[in-house]
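Here are the chains, one letter per residue:
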Amino acid sequence: MPSISLYRVEVDFAESPQHPIVYYRKCRKCTTAKGMDRQHNRMVNEACDAWRQYNFRRLTVSRVPASEVA
């Protein structure tokens, strides 16, 4: 079974800064640091494209360990 990378996406809006939308995405784990950078950039770009029409204030994408995901 291939190992996976988990990403936490947090979207803040000006209307509700105390209640961000948080969700998790998983991808196949990259074997090189350059590949991990590319994958992170791809995740950020996909999240921006998905939320752009809702005029978000801040978007945070970070890699998280599997223990953080329920």
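Residues numbered from 1 in each chain as written. Predicted model: local features only at pLDDT ≥ 70, side-chain atom pairs only at ≥ 80, totals over all residues. Heavy atoms only, no water.

Now for the pattern of salt bridges. Following the criterion strictly, the structure yields six salt bridges and no others. Of the charged contacts, one joins R42 and E46 as a salt bridge, the two residues approaching to 3.1 Å between their closest N and O atoms. Taken as a pair, R42 and E46 lie in helix 1 (residues 33-51) at a separation of four residues, close to a single helical turn. On the basis of relative accessibility, which here comes to 37%, the residue R42 falls in the partly exposed class. (Salt bridge = Lys/Arg side-chain N within 4 Å of Asp/Glu carboxyl O. Helix = DSSP H or I, 4+ residues; strand = E, 2+ residues; numbered from the N terminus. Buried < 20%, exposed > 50% of the residue type's maximum accessible area, 1.4 Å probe, protein only.)

For the rest of this paragraph, the subject is helix 1. Between its first and last C-alpha, helix 1 extends 27 Å over 19 residues, near the 27 Å set by a 1.5 Å rise per residue. Looking only at helix 1, the buried set comprises G35, Q39, M43, A47, C48 and W51. Turning to helix 1, the residues buried within the fold contact strand 1 (4-12), strand 2 (21-28) and strand 3 (58-64). (Expected span 1.5 Å × (residues − 1). Contact = heavy atoms within 4.5 Å.)

Let us now look at the sheet that holds strand 2. Across the sheet, three strands lie side by side as 2-1-3; this open sheet has antiparallel pairing. Of all strands in the sheet, those bounded by a partner on one side alone are strand 2 and strand 3. Strand-to-strand, the axes of this sheet are offset by a mean angle of 20°, without reference to chain direction. (Pairing = 2+ DSSP bridges. Axes fitted to C-alpha atoms, helices over the stretch in contact; angles between N-to-C directions.)

Core analysis: the largest hydrophobic core is formed by 11 residues, namely Y7, V9, V11, F13, C27, M43, A47, C48, W51, L59 and V61. Counting only elements with at least two residues in this core, the list comes to strand 1, helix 1 and strand 3. The leading source of residues in this core is helix 1, at four residues. Look past the residues within four positions of L59 in its chain and what remains in contact with it is V9, E10, V11, V44, A47, C48 and W51. (Core = buried A, V, L, I, M, F, W, Y, C linked by side-chain atoms within 4.5 Å.)

Among the structural elements, S5 can be located in strand 1. By relative accessible area, which is 1% here, S5 ends up buried. Setting aside residues no more than four positions away along its own chain, S5 makes contact with R25, K26, C27, R28, K29, C30, Q39 and R63.

Within the secondary structure layout, Q39 lies in helix 1. Every residue in contact with Q39, bar those within four places of it in the chain, is listed here: S5, Y7, C27, R28 and C30.

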